Amino acid sequence: MRYIPLLIILTLAICLGLIILNLVKDFEKKRFNLVSLVYLTFLAIILFTPISFDGSSVYVMPAGIGQVNLHKLDILELGFAENIILTVPLGFLIKYYLPKISIISMALVGFFTGGLIETTQFFLSHIFLINRTSDINDVIANALGIVVGSILLITYEKIIEKTSSKQSHV
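Residues numbered from 1 in each chain as written. Predicted model: local features only at pLDDT ≥ 70, side-chain atom pairs only at ≥ 80, totals over all residues. Heavy atoms only, no water.

With that out of the way, let us pick up helix α1 (residues 4-23). Helix length check: α1 (20 residues) gives 28 Å between terminal C-alpha atoms against 28 Å at 1.5 Å per residue, within 8%. Looking at α1, one finds that the buried residues are Pro-5, Leu-6, Ile-9, Ala-13, Gly-17 and Ile-20. Along the long axis of α1, the arc covered by the buried residues comes to 95°, so they all point the same way. Structural note: α1 exposes Leu-7, Leu-12, Ile-14, Asn-22 and Leu-23 on the side pointing more than 90 degrees away from its buried face. Residues of α1 that are buried make contact with α2 (27-48), β1 (51-53) and α4 (103-128). (Helix = DSSP H or I, 4+ residues; strand = E, 2+ residues; numbered from the N terminus. Expected span 1.5 Å × (residues − 1). Buried < 20%, exposed > 50% of the residue type's maximum accessible area, 1.4 Å probe, protein only. Arc of directions from axis to C-beta. Contact = heavy atoms within 4.5 Å.)

So this is what it looks like as structure tokens:
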């Protein structure tokens, strides 16, 4: 029962991977979509299953309902930085697919996404005993990671734009 979320995630990933392989004709788009799918699958497994990663090892968490932290801020711990790093690619992807969205809006999307992740972890922990902690620090770190990812995409696009305009003038 604890591995039902994992089975759902893997089934969705396999189905989406087959759709991408069969429907996307352009090689670069196909590669980008498949790499994005691998990242999102990895992220979902880490967030919504009892499988955990602490930066150096992968392990299975014991059965439990987890804990809830809504008020104790601890932004100076390693886990906070790991959560930022974990969601930077998500911010990159959101900004890539929604290029007109502002950085302020990306921050709001980040807080909403972080809150949705933590709420989902809370419910899955109580239903499937995946033992995930719902934490305000994670919501803040996820929002920061998403904003950083979107800023990195904007910076990357500006550099590419500058480089291509220099090459076209030469």
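On we go.
Confidence along the chain averages 94 in pLDDT terms, with 98% of residues attaining 70 or more. Per-element confidence in the chain ranges from a low mean pLDDT of 87 for β1 to a high of 98 for α1. (pLDDT = per-residue confidence, 0-100.)

A few words on unusual backbone geometry. In this model, Leu-129 sits at a positive phi of 55°, which is unusual for a non-glycine residue. Topologically, Leu-129 is positioned in the loop between α4 and β4 (134-135). Within the chain, Asn-131 stands out as a residue other than glycine whose phi angle is a positive 60°. Assignment of secondary structure puts Asn-131 in the loop between α4 and β4. A relative accessible area of 18% places Asn-131 in the buried class.

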